[in-house]
Amino acid sequence: MTMRRGLLAPALVATAALALAGCSSDDDSGDSDSGSIKIGIKFDQPGLGYKDGDTYTGFDVDVATYVAGKLGYEPDKIQWVQSPSANRENMLSGGQVDMIFATYSITDERKKVVSFAGPYFVAGQDLLVAADDTSITGPDDLDGKNLCSVTGSTSAQRIKDEHSSDTQLLEQPGYAECVTALTAGQVDAVTTDDIILAGLASLPANKGKVKVVGNPFSEENYGVGLPKDSDKCEDINAAIQTMIDDGTWQKLLDKNVGESGYKPNESLNPPKPAACA
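Rules behind the numbers
- Residues numbered from 1 in each chain as written.
- Predicted model: local features only at pLDDT ≥ 70, side-chain atom pairs only at ≥ 80, totals over all residues.
- Heavy atoms only, no water.
- Buried < 20%, exposed > 50% of the residue type's maximum accessible area, 1.4 Å probe, protein only.
- Helix = DSSP H or I, 4+ residues; strand = E, 2+ residues; numbered from the N terminus.
- Arc of directions from axis to C-beta.
- Contact = heavy atoms within 4.5 Å.
- Phe/Tyr/Trp six-rings, centres within 6.5 Å; stacked < 30°, edge-to-face > 60°.
- Pairing = 2+ DSSP bridges.
- Core = buried A, V, L, I, M, F, W, Y, C linked by side-chain atoms within 4.5 Å.

Caption draft 1: How the structure looks around helix α9 (residues 248–257). For α9, the complete set of buried residues consists of Thr 248, Trp 249, Leu 252, Leu 253, Asn 256 and Val 257. Down the axis of α9, the sector holding all buried residues measures 135°, keeping them to one side. Away from the buried face of α9 by more than 90 degrees, exposed residues Lys 251 and Lys 255 are located. At its buried positions, α9 is contacted by α2 (59–70), β7 (115–123), α7 (194–201) and α8 (233–245).

Caption draft 2: Looking closely at the environment of Val 61. Inspection of the secondary structure assignment puts Val 61 in helix α2. Among the residues examined, Val 61 registers a relative accessible area of 3% and is labelled buried. Spatially, the C-alpha atoms of Val 61 and Lys 42 are 8.9 Å apart, while their sequence positions differ by 19 residues. For Val 61, the residues in contact, after removing those within four places along its chain, are Ile 41, Leu 48, Gly 49, Tyr 56 and Trp 80.

Caption draft 3: Up close: the packing of aromatic side chains. All chains considered together, the criterion is met by 9 aromatic pairs. Between Phe 59 and Tyr 120, the ring centres sit 6.3 Å apart and the planes meet at 45°, which makes this aromatic pair tilted. Of this pair, Phe 59 sits in helix α2 while Tyr 120 sits in strand β7, and the two are 61 residues apart along the sequence. As far as burial versus exposure is concerned, Phe 59 and Tyr 120 are alike and both buried. Counting every residue linked through ring pairs, the aromatic cluster contains Phe 59, Phe 101, Tyr 120, Phe 121, Tyr 222 and Trp 249.

Caption draft 4: Region of interest: the pairing of strand β13 (residues 220–226). Of all 7 residues that make up β13, 6 are buried, and the element is covered over most of its length. In terms of strand pairing, β7 meets β13 through 6 bridges, oriented antiparallel. Within the sheet, the bridge partner assigned to Ser 115 lies in β13 and is Leu 226.

Caption draft 5: Here's a closer look at the sheet that holds strand β4 (residues 55–57). Taken in spatial order, the 3 strands make up an open sheet running β2-β3-β4, and their pairing is antiparallel. The two strands at the open ends of the sheet, each matched to only one other strand, are β2 (44–45) and β4. In the sheet, β2 pairs with strand β3 (residues 49–52) via 2 bridges, with the strands oriented antiparallel. Bridging across to β3, Asp 44 finds its partner in Tyr 50.

Caption draft 6: Looking closely at the nonpolar core. Counting residues in each nonpolar core, the largest one holds 55 residues, and the members touching the most others are Ile 39, Phe 59, Phe 121 and Ile 195. Looking at this core, the element that brings in the most residues is α2, giving 7 residues. With sequence-adjacent residues up to four places away left out, Phe 121 is seen in contact with Phe 59, Asp 194, Ile 195, Glu 220, Asn 221, Tyr 222, Trp 249, Leu 253, Tyr 262, Pro 264, Asn 269 and Pro 271.

See below:
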């Protein structure tokens, strides 16, 4: 399917605004706005989606703001909604959000329930280690080492099953706790998607103490989650392509995770949005 590029025609902007206003009219907060859009993000991922008081920051937040602007929504018309991983499909299906930018990997299983635009970034599972550690260069170097990941994640178990069977696993409730364990010397490495690790490494408290190994060993296509019957995919893809072509994509990446020294997989990034189904 041919993707349209550039800004929406005024008539389409009006149509999109009216359609999304219909989705937003049942806002539980009582602060419904006929010209607003509800976008799901993570609230607890520094560098990607992070809420600090009334301020929202991160690569996902900035990409979402850019895309929303191309759809005709000024930043003050965006309602940010916390979208935990386990709730994303239900939130889209139930109309709690109009779209989701939340390190949301496109998978065939998820596409049975929701639709996706994008991808706008391709991440890969990687490792975070101490800044002066030269002994760990990839997942095959973790035999006899202590590895931290978040409870319920499959990332650490994948390493144990496929790469280093003698890895000792430590689970923590969140990645911030894993990084604390790493800087305290309780674990040798932390694992999850590389850009999530880069966001953690970019925090002032962690700067210079940890590093992303830079040897990704999976492919995670981050897409824009949409309700199954959404007609916004092509316009979002056009906005993503414009963002990449005009240099904004790279600027936003540098702004949010550049402090970590992280460089994304150049063979996969920036990605080309896939054809809409």
